[in-house]
Each structure stands twice: as C-alpha cells, then as structure tokens.
Amino acid sequence: MACAASGVASGLDVTHAMPVRITSPQLTGEKGWQSMGVAILRNASVLDPERGELAEGQSVAVEDGRIADVGPGLTGPDDALILDVAGRTVMPGLIDAHTHPAIVDADVFAMAEWSPTYVAARAGRALEGMLSRGFTTIRDVGAGEHGLARAVDEGFFTGPRMRFGGKQLSQTGGAGDWRAPSRRVYDDNYYAPAIGVICDGVPEVRRAVREEVRRGAHHIKVYLSGAVDSPSDRVDSTQFSIEELNAIVEEATAANIYVAGHAYTSRAINRGLECGVRSIEHGNLMDESSIPFFRASGAFYVPTIVTYQTLAKKARDGELPADIADKLAEVIDGALGALEMAHKAGLPIVYGTDLFADTHDQQLQEFVIRSEVQPPADLIRAATTTAAALLCMVGQVGVVAPGAYADLLVVDGNPLDDIRVLTAPDRNLKLIMKEGRVYKNEL
Ligand SMILES: [Zn+2]
C-alpha cells in the first residue's frame, strides 16, 4: 500500500532520475525557457502547505534544478540570477493527480483512426496549457505513456513533469472497452479509444500489468466500476473479480508501483480498497461505508468534480449523446457530497480534474468548486503535499524545501486567504519555474 519499498528513489523513477538540462540552442529561449545555474528568489513569502502558513522575508536558492536552501538573506555566486519577488507569495508548483492530456478530442471514437504522432502533437499543446496554469507535475491516468513523458523531460514539449500509467486495465465490456456493441475487433493503438487494455482472468491481468511496467509505468490504473463515457456498462457495476484485482495489485507491488482505481459506488470502492488499491478516483456515489476501508488501508481519495460540471454544461447544450448524458446525470449530484464526507472524515484528499479534449482550461476551477466544502489550506495541500504523497514523491514535489525539485510559483496575492488568486494565472502568476527553468517571468 505504501510507496512500495524504497518509494521515490526506487527503480520506478527511470525517466526522472536526473534533471535534464536543455542545451540545444533551438530549444532555449523560443518558448520562454531560460537555463540556469544558480538562482535566488529574494524577499519571498514562502508558503508552507503542511502548516498552512506564509513565512515572510525569505530567500529561496535554486541550483541544478533543485531547491538548494530556504532562509533569510541567502547569497550566491556573482553570476547567480537574482529574482526580487517583492514580498509576493512563493509556493510549490501545483500537482493535478488525475489528467488526460493525450485524450485530445471529445470524439474519442474518431481518434481511433488518427495517427499517434498527430495525437501526441495535440497532447503537447494540452501539456503546455497545464504548465501555464501553474501545474508543474501531473499524474496521467489513461492514454499517456513514456513517449510523451520523455518528450517533456527532454524539452521537446513544454509541460509539467508527467507520471503515467499507460493503458487502463479493463475487463471485456468494462469501462475501458470502448467498442460499440457491434464491433468485434479491438484496436490496440496506444492512444484513445484504446485508452484501456482489455484483459480477463488472472493470467491476462498479470500480463497487462507487466506490459505497462515494461513500458515504464509509474502506477497502474484499473476500472473497478463502470464509467460515464463508456458505451456498454453501467456506472453502478463492479468490474474485475477479487482474484483478478488481487493479481493486479500483486504484480504492481512486485514492481514497486501502486494501483489507482476508478470507481463510483461504495460497493466498487470497498472491494478495491480491500484488494490494496492505493487511490480511489471519482467516488461520486460513495457512502459512509467506505470510510473505514479508507482508514484501514490509508488510501487516497481523488475527486474530479470539475469534469462532471463541464460535461453537464455540454449536455445542456446538446453536445453529448443521450446515453452518456443519462449516465452523467446518475453521478453528478453525489460528487460534492462525497467530497464533504471525505473531508469531515479527515481522509487524504488529492487534487484531480479528469478534463480532456478542449476542456483543460477549466483545470483550476476544481479549486473553486471544492472551496464550497474545504478551506484554502486544505485545497492547497490537496494539490501539493498530499498529491506528492500519493505519487510517492514526498519531498520531491509539492514543497519549497531543500532537495525538492525547483518547481516554484510566484503569486500575486495569498491563496491561503483566497484560493481564487490561483484561478487567474495570466494575471496572478508572476513567475513559473519548473526544475529550475523559468517558463514565465513577469517580475
Ligand atoms: Zn479519468
């Protein structure tokens, strides 16, 4: 259940072990990047998510992509880049733990006919948008894979650091089986609609996990219940047998990675948690019976309310097929209530959005929606320290502390007082730094 074995520093971090420096001239400058040696942010009010406090009059020293030191009056070498942030808030870059940058079009069935390189190019645009909103790390839970993450790490795409799980495991006719009922052949194109890999029975699910491990997955995503956007299942179904789920968790654990489970109802959530799933995604129809299962396992809850509200608007505008709109109506009302229940129970809640295609611009609205039931400090923890714990990246991301990646935002305003300052990044984000590289500087 924990970050298996040695966690962050284990073999799961192959593509992220070393900060990659952008040295090629054509990759510097054009997109706003600047390579840096040492940088010092001065006169900073540093936000500590765990304490929910600002520490004024601080400096943050950055070297080789990492935070070297935090404290008052830090100095550096003569050629250090000095950034006077004039008393503004300096906080860790945000983490969206449920994203789908590679689902680039609402017509996922049309995507079946597209070239993966074309899909990747459009995904690159989505990733760039996320970084511009202050997200420096994302967890891709469907469709994204090692090629996209590598393109970002090497600077060919501008975007957040990407933890990915490859294909989502689905039983035949399950939420990841996007074939129309009349279609027999399954398209194993890596991108949507083959967002899922279809596997039935213990040997097949073991092979499916091992295949994603082979491709570098940081986690395994499994459908524990039906979904809204799938053509042939019910949202209140459970999916996979206990034997299959145990085998999936066993294989993931063997590889020192964890399993994330898509589920709506407590019936599906509880059996997933009993089998050792580390995070529950969505959980809109969860009831109190799930709280003890979360507590016993230490699992994380990742609501994704904004995507349902965004889809609901599309449904009102007649842009969704009738069957999808009906399934949406089943889950939308429960979402905020489930969050409130989890919040009152003190469960570890993580920021996620589940947006795709042309809706990523709503990515920060999840803060606004959740603010109806959670105070700003909790919302910030969900997108920083608690998300880092889920991703097995404690101390690496989500904090302004020595040793962490230098993923820093300079914010006009104090999000601990008003979370909405984060929802206007064009105006309020004065600096976006990822791994020591400046993406945006309006200081
Ligand atoms: Zn999703």
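What you see is a predicted model, and the numbers here were worked out from it, not measured in a lab.

Participant: Report on the overall build of the protein chain, specifying residues and quantitative values.
Facilitator: Secondary structure summary: the protein chain contains 14 helices and 17 strands in total. The C-alpha atoms of the protein chain give 21 Å as radius of gyration, which agrees with the globular expectation for 443 residues (22 Å, within 12%). With respect to the principal axes defined by its C-alpha atoms, the protein chain has extents near 65 × 45 × 45 Å. Within the protein chain, the proportion of its 443 residues that are buried is 59%. For the protein chain, the proportion of contacts with a sequence separation of at least 24, taken over those separated by at least 6, is 70%. For the protein chain, the accessible surface area stands at approximately 16,600 Å², while carbon and sulfur atoms represent 50% of it. One way to put it: in the protein chain the 41 positive side-chain charges average out to a point 2 Å from where the 59 negative ones average out.

Participant: Pulling in residues and values, what's your account of the nonpolar core?
Facilitator: Core analysis: the biggest nonpolar cluster contains 56 residues, and Met91, Leu94, Val228, Phe367 and Leu422 have the highest contact counts within it. When residues in this core are grouped by element, the largest group, six residues, is from helix 2 (residues 116–132). Discounting chain neighbours no more than four positions away, the residues touching Leu422 are Met91, Leu94, Leu364, Phe367, Val411 and Pro415. Met286, Tyr301, Ile305 and Val373 belong to the second largest nonpolar core, which has 42 residues in total.

Participant: Give a description of the state of the cysteines that names residues and reports values.
Facilitator: Under the definition given, this model contains zero disulfides. Summary of cysteine pairing: Cys199 is not part of a disulfide, and the nearest cysteine sulfur, belonging to Cys275, is at 14 Å. By relative accessible area, which is 1% here, Cys199 ends up buried. The exposure class of Cys275 is buried, given its relative accessible area of 9%.

Participant: Could you give an account of the packing of aromatic side chains, with specific residues and numbers?
Facilitator: Tallying each qualifying case throughout the model produces five aromatic pairs. Ring centres of Tyr351 and Phe367 lie 4.3 Å apart, and the angle between their planes is 35°; this geometry places the pair in the tilted category. Placement of the pair is Tyr351 in the loop between helix 10 (334–344) and helix 11 (365–370) and Phe367 in helix 11, with a sequence separation of 16 residues. Accessibility classification places Tyr351 together with Phe367 in one group, the buried group. Pairwise contacts between aromatic rings join Phe135, Tyr351 and Phe367 into one cluster.

Participant: Residue-level account of the coordination of the zinc ion, with values.
Facilitator: Protein coordination at the zinc ion: the donors are His98 (NE2), His100 (NE2) and Asp354 (OD), at 2.1 Å from the metal. Binding-site remark: the zinc ion is held by donors from one chain whose sequence spacing is H-x1-H-x253-D. Each of the two residues, His98 as well as His100, counts as buried.

Participant: Help me get a handle on the pairing of strand 3 (residues 66–71), residues and values and all.
Facilitator: Alignment of strand 2 (residues 53–63) against strand 3, held across five bridges, turns out to be antiparallel. Within strand 3, the residue paired with Ala61 across the bridge is Asp69. Counting the residues that bridge the hairpin from strand 2 to strand 3 gives two residues, and of these Asp64 lies at a positive phi of roughly 50°.

Participant: Tell me what's going on with the side chain of Glu212, and back it up with residues and numbers.
Facilitator: Within the element layout of this structure, Glu212 appears in helix 4 (residues 202–214). At 4.4 Å, Arg215 is the nearest oppositely charged side chain to Glu212, a buried residue that forms no salt bridge. Glu212 has contacts with Gly165, Gly166, Lys167, Tyr190, Ala217 and Ile220, leaving out every residue within four places of it along the chain.

Participant: Any chance you could break down helix 2 for me, citing the residues and the numbers?
Facilitator: Taking 1.5 Å per residue, 17 residues should reach 24 Å; helix 2 reaches 24 Å between its end C-alpha atoms and fits that length. Phi turns positive one or two residues past the end of helix 2, at Gly134, with a value near 100°.

Participant: Any chance you could break down the packing of helix 4 against helix 5 (residues 242–254) for me, citing the residues and the numbers?
Facilitator: Between helix 4 and helix 5, whose axes approach to 9 Å, the crossing angle comes to 30°. It follows from the interaxial angle that helix 4 and helix 5 lie roughly parallel. Note on packing geometry: the crossing formed by helix 4 with helix 5 is right-handed. On helix 5, the residues that touch Val202, Val205, Arg206, Val209 and Arg210 of helix 4 are Glu243, Glu244, Ala247, Ile248, Glu250, Glu251 and Ala252. Looking at the contact of helix 4 with helix 5 residue by residue, the classes come out as six nonpolar, no polar and six charged.

Participant: Account for helix 5, naming residues and giving values.
Facilitator: In this model, helix 5 (13 residues) spans 18 Å end to end at C-alpha, consistent with the 18 Å of a helix rising 1.5 Å per residue. Those residues of helix 5 hidden inside the fold are in contact with strand 9 (168–170), helix 4, strand 11 (219–223), strand 12 (258–265) and helix 6 (266–274). Immediately beyond the C-terminal end of helix 5, within one or two residues, lies Asn256, with a positive phi of roughly 65°.

Thresholds, definitions, all that
Residues numbered from 1 in each chain as written. Predicted model: local features only at pLDDT ≥ 70, side-chain atom pairs only at ≥ 80, totals over all residues. Heavy atoms only, no water. Helix = DSSP H or I, 4+ residues; strand = E, 2+ residues; numbered from the N terminus. Rg over C-alpha atoms; globule rule 2.2 N^0.38 Å. Buried < 20%, exposed > 50% of the residue type's maximum accessible area, 1.4 Å probe, protein only. Contact = heavy atoms within 4.5 Å. Areas by Shrake-Rupley, 256 points an atom, 1.4 Å probe, with all protein chains shown as cover. Lys, Arg positive; Asp, Glu negative; His and termini not counted. Charge placed at Lys NZ, Arg CZ, Asp CG, Glu CD. Core = buried A, V, L, I, M, F, W, Y, C linked by side-chain atoms within 4.5 Å. Disulfide = S-S within 2.5 Å. Phe/Tyr/Trp six-rings, centres within 6.5 Å; stacked < 30°, edge-to-face > 60°. Donors = N, O, S within 2.8 Å, 3.2 Å for Na, K, Ca; no water. Pairing = 2+ DSSP bridges. Salt bridge = Lys/Arg side-chain N within 4 Å of Asp/Glu carboxyl O. Expected span 1.5 Å × (residues − 1). Axes fitted to C-alpha atoms, helices over the stretch in contact; angles between N-to-C directions. Parallel < 35°, antiparallel > 145°, perpendicular 65-115°, else oblique. Left-handed = near helix turned anticlockwise from the far one by under 90°. Nonpolar A, V, L, I, M, F, W, Y, C, P; charged D, E, K, R; others polar.

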